[in-house]
Amino acid sequence: MQTQQTPLINPFGVELDLEKGLMRGAKNHLVRRASDMRGYYADAAALQRLIGEENDPVHYEVFEVPVPENYGHLMYCISTLRPGLVGQEYFMTKGHYHSIPNTAEIYLCLRGEGYMVMKTAEGKFATERMTRGRMVYVPPFWAHRSVNTGTSEPLVSFCAYPAEAGHNYGDIAVQGFPKRLFAKNGECVVA
Ligand SMILES: [Fe+2]
């Protein structure tokens, strides 16, 4: 029905490094450093110390080979979220809604350990464990952020979502999520 809006392209394949979280030949390579995360962590002074005294470490990287952002296509990525703490808060991604909110996403965890943290505009909140071999289904309408609760390993995951979905950082840049994940006495605490 909507085929005239779906460009016909040729099949292709890509090579992924599932351990390192790399995509060979990726056209898009997003790198977020500590300095890109201002306003997202509870302890702004601790983040500033990371930026100023620890060479602004990378928080996460996302690789994509883009496909047409049209109905019918599937966007996919591999991402690597480094281990680390900002104060007592685990390294995390910014988190986003999809610009077209009624679009889902799957994340297959390939390495490391952490959580997918999710919320809805109506105030629902959820977390799902991410460990190697576990897939998290993020339903339509749920904003999502991943958090690396490991002490030394990166959190590597493969994602796929409708190509037209887009990213909406929306109120997350201002309000964040209802709860955060902290390391306290070696344990992950959701507070
Ligand atoms: Fe997403």
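Further up the page is the structure itself.
These numbers were taken from a predicted model, which means no experiment stands behind them.

About the criteria used
- One numbering rule holds for all chains: residues counted from 1, following each sequence as written.
- In keeping with the model being predicted, local features are shown solely for residues with a pLDDT of at least 70 and side-chain atom pairs are shown and tallied solely at 80 or more, while totals for entire chains, interfaces and linings include all residues.
- The side-chain figures draw on all heavy atoms in the structure; neither hydrogens nor water molecules are used.
- DSSP calls a pair of strands paired once it identifies at least 2 bridges connecting them.
- The way it works is that DSSP assigns letters per residue, a run of H or I at least four long becomes a helix, a run of E at least two long becomes a strand, and they are numbered from the N terminus.
- Fitting a line to C-alpha atoms yields each axis, with helices limited to the stretch in contact; the angle taken between N-to-C directions then spans 0 to 180 degrees.
- Donor atoms are limited to N, O and S found within 2.8 Å of the metal ion, a distance that becomes 3.2 Å for Na, K and Ca. With water left out, some sites might look partial.
- By the criteria applied here, four donors are tetrahedral when all angles lie between 85 and 135 degrees, four are square planar and six octahedral when opposite donors are over 155 degrees apart and every other angle lies between 65 and 115, and any other arrangement is irregular.
- Only protein chains enter the calculation, and the probe is 1.4 Å; a residue is then buried if its accessible area is under 20% of its type maximum, exposed if over 50%, and partly exposed in between.
- The contact rule is simple, with two residues in contact once any of their heavy atoms fall within 4.5 Å.
- Regarding the arc, it is the one traced by the directions from the helix axis to the C-beta atoms.

Undergrad: Give a description of the sheet that holds strand β10 (residues 125-131) that names residues and reports values.
TA: Strand order in the open sheet formed by 3 strands is β10-β9-β12, with antiparallel pairing between adjacent strands. Bordering the open sheet on either side are β10 and β12 (143-148), each of which pairs with just one other strand. Between one strand axis and the next, the sheet turns by 20° as a mean value, whatever way the strands run.

Undergrad: Could you give me a rundown of the coordination of the iron ion, with the residues and numbers involved?
TA: The protein atoms that coordinate the iron ion are H96 (NE2), H98 (NE2), E105 (OE) and H144 (NE2), at distances of 2.0 to 2.3 Å. Around the iron ion, the 4 donor atoms are arranged such that angles at the metal cover 82 to 165°; this shape is classified as irregular. Written as a sequence motif, the donor residues of the iron ion are H-x1-H-x6-E-x38-H.

Undergrad: I'd like to hear about the sheet that holds strand β11 (residues 135-138), residue by residue, with values.
TA: In space, the 6 strands of this open sheet follow the order β3-β4-β5-β13-β8-β11, with antiparallel pairing throughout. Sheet topology places β3 (28-33) and β11 at the edges, where each strand pairs with a single neighbour. When strand polarity is set aside, the average angle formed by the axes of neighbouring strands in this sheet is 20°. Direction of pairing for β3 relative to strand β4 (residues 58-64): antiparallel, over a ladder of 6 bridges. Following the sheet pairing, N28 is matched in β4 by E64.

Undergrad: Account for the environment of D17, naming residues and giving values.
TA: By secondary structure assignment, the location of D17 is in strand β1 (residues 16-17). A relative accessible area of 16% means that D17 is categorised as buried. Between the C-alpha atoms of D17 and I78, which are 61 residues apart in sequence, the distance is 9.0 Å. The residues touching D17, leaving out its near neighbours within four places in the chain, are L22, R24 and I78.

Undergrad: Go over helix α1 (residues 44-53), please, and point to the residues and values.
TA: A46, L47, L50 and I51 are the residues of α1 that are buried. The buried residues of α1 occupy an angular sector of 140° when the element is viewed end-on, so they sit on one face. Away from its buried face by more than 90 degrees, α1 exposes A44, G52 and E53. Check the buried side of α1 and you find it contacts β4 and β6 (85-86). Where α1 terminates, the next one or two residues include N55, which has phi positive at roughly 60°.

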